[in-house]
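Chains, contacts and geometry: an overview
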Amino acid sequence: MRVSSHTLAVATGRGIEFHDLTPALRALVAGSGLREGLALVSCGHTTTALVVNENEPRLLEDLRRFLVRLAPPDAGYLHDEIYLRDCPPDEPENTHAHLLAMMLNSTESIAV
Amino acid sequence: MRVSSHTLAVATGRGIEFHDLTPALRALVAGSGLREGLALVSCGHTTTALVVNENEPRLLEDLRRFLVRLAPPDAGYLHDEIYLRDCPPDEPENTHAHLLAMMLNSTESIAV
Amino acid sequence: MRVSSHTLAVATGRGIEFHDLTPALRALVAGSGLREGLALVSCGHTTTALVVNENEPRLLEDLRRFLVRLAPPDAGYLHDEIYLRDCPPDEPENTHAHLLAMMLNSTESIAV
């Protein structure tokens, strides 16, 4: 089996935001020479997720509101009490993003 | 790597419903000649999902109620204001199905 | 394509608990001789799930609380009325675990 690995850097800001990776992934697959097989896409961070769905602006706003309701950012999470953990004091309060990443999943397998 | 692709048509109605794809998938895998490898199953629509679990009627009704509570069909979604979008007026109001598809995921990888 | 299959037994108790499978999975992959490819990890039970995320004790407690709120164990599920089903009377009341397994997903594909 031929395997080809690539890293795609995506700059993210604060809060929930959506990035369309389809054009970049298409280009990576095309450039890899893969004709038939499987593209396994994985997030390199534990506070990000991947979904395959419709890229419609009003649906994305529905999704943002749904996710905020599902795991509110300021719900008093233990993991957000940064001063109690062995980590730098400027560690972001990102527990809601961890929870949502686990619910949405951070990997997608796409048939090529 | 040998790759074999197949399309499985599933007729769906309105609202949340469940279809057992196991017999059809088993037949496709058997017919493909695959002895060892991976069956990647993906939905061709963004309002459908795949789960691997127990096919017990009362559990499926629990699941239906759980999903309706998680993303109620009539929660005033922006994506359901069809007249504001550039699409045919008979486009279904299906935002809850998009959200649930993203939560449940629309792809399953199954070891064969 | 070379395929190698392994079973990893994990003893679980009652209620929601977390098990770090990373060391055991690393050892299995190393022992399999796989250098490049894909590790497909699937649960053999329908009341268990897999997540790839940060193994931080306070985050795991946040996750436990989140999951209990999402699908409370004692919410009067139909599947938990064991006496109405064709199964042994000591079948556990585990509907919440089925629902959470479907939400979190029971399979992970990991690039090696």
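Each value, and the rule that gives it
Residues numbered from 1 in each chain as written. Chains lettered and ligands numbered in written order. Predicted model: local features only at pLDDT ≥ 70, side-chain atom pairs only at ≥ 80, totals over all residues. Heavy atoms only, no water. Helix = DSSP H or I, 4+ residues; strand = E, 2+ residues; numbered from the N terminus. Areas by Shrake-Rupley, 256 points an atom, 1.4 Å probe, with all protein chains shown as cover. Lys, Arg positive; Asp, Glu negative; His and termini not counted. Charge placed at Lys NZ, Arg CZ, Asp CG, Glu CD. Buried < 20%, exposed > 50% of the residue type's maximum accessible area, 1.4 Å probe, protein only. Polar contact = N/O pair within 3.5 Å; in protein donor to acceptor, adjacent residues only side chain to side chain. Contact = heavy atoms within 4.5 Å. Least-squares fit on C-alpha atoms with pLDDT ≥ 70 in both. Pairing = 2+ DSSP bridges. pLDDT = per-residue confidence, 0-100. Buried area = accessible area lost by both parts, 1.4 Å probe. Salt bridge = Lys/Arg side-chain N within 4 Å of Asp/Glu carboxyl O. Axes fitted to C-alpha atoms, helices over the stretch in contact; angles between N-to-C directions. Parallel < 35°, antiparallel > 145°, perpendicular 65-115°, else oblique. Left-handed = near helix turned anticlockwise from the far one by under 90°. Patch = residues over 30% accessible without salt bridge, like charges linked within 9 Å, V, L, I, M, F, W, Y side chains within 5 Å.

For chain A, the count of helices and strands is three helices and two strands. Helices (α) and strands (β) of chain A occur, in sequence order from the N terminus, as α-β-α-α-β. Counting only C-alpha atoms and orienting by the principal axes, one finds that chain A spans roughly 50 × 35 × 20 Å. If you sum the accessible surface of chain A, you get close to 6,700 Å²; carbon and sulfur atoms cover 52% of it. Each charge sign in chain A was given a centre, from 9 positive and 15 negative side chains, and these centres are 8 Å apart.

Attention now moves to the side chain of Arg85(B). In this fold, Arg85(B) is placed in the loop between α2 (57–70) and α3 (95–104). Classification of Arg85(B) by relative accessible area gives buried; the value is 12%. Within polar-contact distance, the side chain of Arg85(B) engages the backbone oxygen of His79(B) at 2.7 Å. Once residues within four sequence positions are removed from consideration, Arg85(B) is found in contact with Glu54(A), Glu56(A), Arg58(A), His79(B) and Glu91(B).

Of the transformation superimposing chain C on chain A, the axial component is 0.0 Å and the angular component is 120°, with the fit at an RMSD of 0.0 Å. The superposition operator between the copies reduces to a three-fold rotation axis. It is Met1(C) whose C-alpha, among those of chain C, lies nearest the rotation axis, at 3.1 Å.

It is a general feature of regular strands that their side chains alternate between the two faces of the sheet. Residue and element names in this part refer to chain A. Along strand β1 (residues 38–42), the buried face is formed by Ala39 and Val41; none of Leu38, Leu40 and Ser42, which line the opposite face, is buried. Of the strand pairs in this sheet, β1 and strand β2 (residues 107–111) are connected by five bridges, and their pairing is antiparallel. Bridged to leucine 38 within β2 is alanine 111.

Take the confidence of the model for chain A next. With 100% of its residues at a pLDDT of 70 or more, chain A has an overall mean of 95. For this predicted complex, the interface score ipTM comes out at 0.94, while the overall pTM is 0.95.

Moving on: the interface of chain C and chain A. Each partner contributes residues to the interface: chain C has 23 residues there, and chain A has 22 residues. Approximately 2,200 Å² of surface area, both sides summed, lies buried where chain C meets chain A, with 64% of it carried by carbon and sulfur atoms. The largest per-residue losses of area from chain C upon contact with chain A belong to Asn53(C), Arg58(C) and Phe66(C), which jointly make up 28% of the total buried on that side. Our count for the contact surface shared by chain C and chain A stands at three salt bridges. Glu81(A) is the partner of Arg58(C) in a salt bridge, and the nearest nitrogen-oxygen pair spans 2.2 Å.

Attention shifts here to the pattern of salt bridges. Tallied over the full model, the rule gives 18 salt bridges over all chains. With a closest N to O distance of 4.0 Å, Arg85(B) and Glu56(A) form a salt bridge. Of this pair, Arg85(B) sits in the loop between α2 and α3 while Glu56(A) sits in the loop between β1 and α2 (57–70), which puts the two residues in different chains. By the burial criterion, Arg85(B) is buried, and Glu56(A) matches it. Residues Glu91(B) and Arg85(B) are paired through a salt bridge, measuring 3.8 Å at the closest nitrogen-oxygen approach. Since its relative accessible area comes to 26%, Glu91(B) is described here as partly exposed.

What follows covers unusual backbone geometry. In this structure, Asn105(B) is a non-glycine residue whose phi angle is positive, near 80°. Mapped onto the elements, Asn105(B) comes out in the loop between α3 and β2 (107–111).

Below, the discussion takes up the packing of helix α3 (residues 95–104) of chain A against helix α2 (residues 57–70) of chain C. At a minimum axis separation of 11 Å, α3(A) and α2(C) run at an interaxial angle of 60°. In terms of orientation, α3(A) lies oblique with respect to α2(C). Once α3(A) is placed against α2(C), the crossing between them reads as right-handed. Contact residues: Thr95(A), His98(A), Leu99(A), Met102(A) and Met103(A) in α3(A); Leu59(C), Asp62(C), Leu63(C), Phe66(C) and Leu70(C) in α2(C).

Together, Met1(A), Met1(B) and Met1(C) make up an exposed nonpolar region whose accessible area comes to about 320 Å². Among the structural elements, Met1(C) can be located in the segment before α1 (22–32).

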